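Okay, here's what each chain looks like letter by letter:
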Amino acid sequence: MTEVIEAETMLDAMGAVLTRWTMGSAAAPAASFWRAELGDDPTEAELRLLALSGQFLGAAVTMEPGATLRVLPDVPALTLPTLPEPLRPLARRILAAKKQAQSGTELVHFLAARGWTMHPADWMPAAADDDAPDVYATWRDWAAIAAADGAARRQTNDRLTADNWEDFWPAARKAALAGLRRDDPSAARGVLEARLAGETADTRLRLLSLLSERLSDDDVTFLEGIAANDRAPKVKALATSLLGRLGHGPASGEDIAELAGFFSVRTKGLLRRSRVVQAEPPKTPAQWQRRKALFEGADLAAFSGALGLAPQELIAAWDWNVDHAADMALINVIVSSGTDAHVTQAADAISQGDATGLIAALAPRLSPAERARHAETALHSHGISFELAQQVAGPAARLDDPLSAPAGKTLLAALQRDDAKPSDQFAELHALGLIASRDGAQRSLQRLTGAGLLQGDPRLDMLRLNAALDDNGANP
């Protein structure tokens, strides 16, 4: 009984001992029960206390397992290979240096685009991590299974149908539905017609968004039903937006006519007369707010129709770079309700009109190849930064010589300034590593180290990972 009391006394005192050490203070006075063993020399006492407390905590203190321990299933293998072992420390260092969630997402999307995945000991997605690439869907579901108290439902590799819907965990189901939509659009829509109503609003929103892939007139009836009857306003709004892309937006009314009144359609040129849509500057703050509110409820077909133009004519005639708020509002309307062709046309018009910053808003709806093309054009023609280029290009970019762009010259000049600090230009160098091809990354490393940066400079980690990693991904 005495030994039990002494052990409890020692354990209670360990808190004070560790606190004193944490604060840089001597801890021997807090371990009076070891006074004889510690001796009178203060320095020697601290060393002896360190040894004794380490043995005590290691030998006499054990964690009691929880009462609900259970055996989890193995972490499933992914369809893409794990990052080569020699490169794992570099990937861990990149994650540790940029701890923001967005930075981690950038890295895993970059790796997936190059045909690789993270090691589960280095990074695992959470069950609710919708930003993770689809290749990690089985890991997301594994995390959900690990957190669930009940038995795991059956896992299946069958093609998704309305009948086996419940056999899929949510992330794998979403990935399977996305794949089905790419391969057989009508079958995917049929599965949604049968199962969508039974899901939560957030899940319905995520699943319905998959219809943007291969959207066609065959989807109109289903989307009209969702827009009219769904319980959640945000789901109804998404269905309305998808209908707008198909030219089935809400009929133009007073609001659209009022919005059109903020603009004028004029002609210009003597020989080759062309139309131009110009914004009439609002005269009061209230009018600015009203125009903004009207844009938020507009769709592209109705707005262009109110101006007497087809959507493609409106985009071609828009007077870019005069009223940035109007530019941004029109871009948002195109993103939400324009067809893929309208999005591509707007991106080309913006690129020619030196309004590159707006392309970042359009980028999620552009193909990977279009994103990379616009990013490279903007880098060389409009002098945007590597960070903005990375936003435009996305994870699939493979630019061969980005450092030759004006942003590269600006970067080299900034790194070579007399007052340059070791932490300067971290974000630009990281973005450069994300958008360069493997050859481009290798050449960039040579130029940067030739300009004076050390081979081991942590700011070059993303470039080093890119340069060392075999590119097994599909070309954008």
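Because the structure is a prediction, the values reported are computed rather than measured. (Residues numbered from 1 in each chain as written. Predicted model: local features only at pLDDT ≥ 70, side-chain atom pairs only at ≥ 80, totals over all residues. Heavy atoms only, no water.)

(A) Just the overall build of the protein chain, in detail. Per the secondary structure count, the protein chain includes 24 helices and 2 strands. Computed over its C-alpha atoms, the radius of gyration of the protein chain comes to 30 Å, more than 25% above the 23 Å expected for a compact globule of 476 residues. For the protein chain, the C-alpha atoms occupy an extent of roughly 105 × 65 × 50 Å along the three principal directions. A separation of at least 24 residues holds for 60% of the contacts in the protein chain among residues at least 6 apart in sequence. Of the roughly 24700 Å² of accessible surface on the protein chain, 53% is carried by carbon and sulfur atoms. Here the protein chain contributes 48 positively and 62 negatively charged side chains, and the mean placements of these two sets differ by 6 Å. (Helix = DSSP H or I, 4+ residues; strand = E, 2+ residues; numbered from the N terminus. Rg over C-alpha atoms; globule rule 2.2 N^0.38 Å. Contact = heavy atoms within 4.5 Å. Areas by Shrake-Rupley, 256 points an atom, 1.4 Å probe, with all protein chains shown as cover. Lys, Arg positive; Asp, Glu negative; His and termini not counted. Charge placed at Lys NZ, Arg CZ, Asp CG, Glu CD.)

(B) Highlighting helix α21 (residues 406-415). Listing the buried residues of α21 in full gives Ala 407, Gly 408, Leu 411, Leu 412, Ala 414 and Leu 415. Projection of α21 onto a plane perpendicular to its axis shows the buried side chains occupying an angular sector of 165°, all on one side. Residues Lys 409 and Thr 410 are exposed on α21 and point more than 90 degrees away from its buried face. Contacts from the buried residues of α21 go to α19 (368-382), α20 (386-393), α22 (426-435) and α23 (438-450). (Buried < 20%, exposed > 50% of the residue type's maximum accessible area, 1.4 Å probe, protein only. Arc of directions from axis to C-beta.)

(C) A look at the environment of Glu 280. Here Glu 280 is to be found in the loop between β2 (274-279) and α13 (285-296). A sequence separation of 112 residues divides Glu 280 from Val 392, and the C-alpha atoms of the two residues are 30 Å apart. When sequence neighbours within four positions are dropped, the list of residues in contact with Glu 280 reads Phe 262, Phe 263, Ser 264 and Arg 266. At 2.9 Å, the side chain of Glu 280 forms a polar contact with the side chain of Arg 266. (Polar contact = N/O pair within 3.5 Å; in protein donor to acceptor, adjacent residues only side chain to side chain.)

(D) The confidence of the model for the protein chain, seen in detail. Of all residues in the protein chain, 93% have pLDDT values of 70 or greater, and the mean over the chain is 88. Taken element by element, the predicted model of the protein chain shows its lowest mean pLDDT in helix α1 (residues 2-22) (75) and its highest in helix α24 (residues 461-468) (96). (pLDDT = per-residue confidence, 0-100.)

(E) Structural context of the side chain of Glu 106. Among the structural elements, Glu 106 can be located in helix α5 (residues 101-113). The class for Glu 106 is buried, based on a relative accessible area of 16%. Leaving out residues up to four positions away in the same chain, Glu 106 has contacts with Gln 390, His 430 and Leu 434.

(F) Spatial organisation of the packing of α23 against α24. Remark: α23 packs on α24, axes separated minimally by 8 Å, with the N-to-C direction vectors making an angle of 135°. Accordingly, the angle class assigned to the pair α23 and α24 is oblique. Considering only the axes of α23 and α24, their crossing is left-handed. For the pair α23 and α24, contact is made by Arg 438, Ala 441, Gln 442, Ser 444, Leu 445 and Leu 448 and by Leu 463, Arg 464, Asn 466, Ala 467 and Ala 468, respectively. Each residue belonging to the contact of α23 with α24 can be placed in one class, and the counts come to 6 nonpolar, 3 polar and 2 charged. (Axes fitted to C-alpha atoms, helices over the stretch in contact; angles between N-to-C directions. Parallel < 35°, antiparallel > 145°, perpendicular 65-115°, else oblique. Left-handed = near helix turned anticlockwise from the far one by under 90°. Nonpolar A, V, L, I, M, F, W, Y, C, P; charged D, E, K, R; others polar.)

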